[in-house]
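Summary of structural features
Chain residues, written in single-letter form:
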Amino acid sequence: GTESSKVFQGRRINLATMALSNRFGIASAPEGEGSMEYPYALFNRAVDEVAVIYQLTRAYTEEVRLLRVDAKTEDPIVDIKLSGEQFHCADPHLAWAADLEEYLAVWVERYTRLVDEDEITYRRIWAQVLDAETGQPAGDAVVLVEERYALRLPRCRYNGQLRQWEIMWRETAAEGA
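Notes on the structure follow. (Residues numbered from 1 in each chain as written. Predicted model: local features only at pLDDT ≥ 70, side-chain atom pairs only at ≥ 80, totals over all residues. Heavy atoms only, no water.)

Moving on: the pattern of salt bridges. Inspection of the entire model under this criterion finds twelve salt bridges. Salt-bridge contacts for Asp-79 lead to Arg-65; the nearest nitrogen and oxygen are separated by 3.0 Å. Of the two residues, Asp-79 is situated in strand β6 (residues 76-81) and Arg-65 in strand β5 (residues 62-70); the sequence distance between them amounts to 14 residues. Here Arg-65 falls in the buried class, since its relative accessible area comes to 14%. Among the ionic pairs, Glu-146 bridges to Arg-124, the shortest N-O distance being 3.1 Å. A residue pair is termed long-range when its members are at least 10 positions apart, and Glu-146 in strand β10 (residues 142-147) and Arg-124 in strand β9 (residues 118-131) qualify at 22 residues. Residue class for Glu-146 comes out partly exposed when judged on its relative accessible area of 35%. A network of salt bridges, in which partner residues are shared, links Arg-58, Glu-63, Arg-65, Asp-79 and Lys-81. (Salt bridge = Lys/Arg side-chain N within 4 Å of Asp/Glu carboxyl O. Helix = DSSP H or I, 4+ residues; strand = E, 2+ residues; numbered from the N terminus. Buried < 20%, exposed > 50% of the residue type's maximum accessible area, 1.4 Å probe, protein only.)

Once that is clear, we can look at the layout of surface pockets. The volume enclosed by the largest pocket comes to roughly 300 Å³. In terms of lining residues, the largest pocket is bounded by 17 residues, among which Gly-10, Phe-24, Ile-26, Ala-41 and Val-50 are the most central. Counting residues per element, the ones that place at least two in the lining of the largest pocket are β1 (8-10), β2 (24-27), β3 (35-44), β4 (49-57) and β5. Its residues assigned to classes, the lining of the largest pocket shows eleven nonpolar, two polar and four charged. (1 Å grid on protein atoms, 1.4 Å probe; cavity = no way out; pocket = protein on both sides within 12 Å on 5 of 7 lines; lining within 4 Å. Points joined across faces, edges and corners; volume = space filled by probe spheres on them. Nonpolar A, V, L, I, M, F, W, Y, C, P; charged D, E, K, R; others polar.)

Written out as structure tokens, the structure reads:
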């Protein structure tokens, strides 16, 4: 898809010549389905596809999704909701482990809890291992941390030498800090 109507646009750069490809579009939300935001893409050479994690924002909810795209045709393969029954999820990020043939997706969930008759905002950072061939969850998502603090911007990577996932995030003691 080279249509300029696609929300997620991209270009390729030839690293040897620094030549730029034409712009191409790979995805748009169906009419009335919300706004696709904060994409992060990884190329999976083993299956010749691009995995794009993103946030789908609707009127009262945000969810985290994984879009798999054929690298040759730029056509969508499948679009999977990762954030389950959670309502307010944001800040998605994705990492790839070639030797494990897995992705790791991370995101933040925001929710309120009644404490002494006050609604208090809490946040959880979730991690979900995904099968690289299908993009489907491999097991259950795991809560890495749950705090009353403002948890934001989780980022993950795979450490091949130690064969483990590494996750970091921003944490502040108060909203807006």
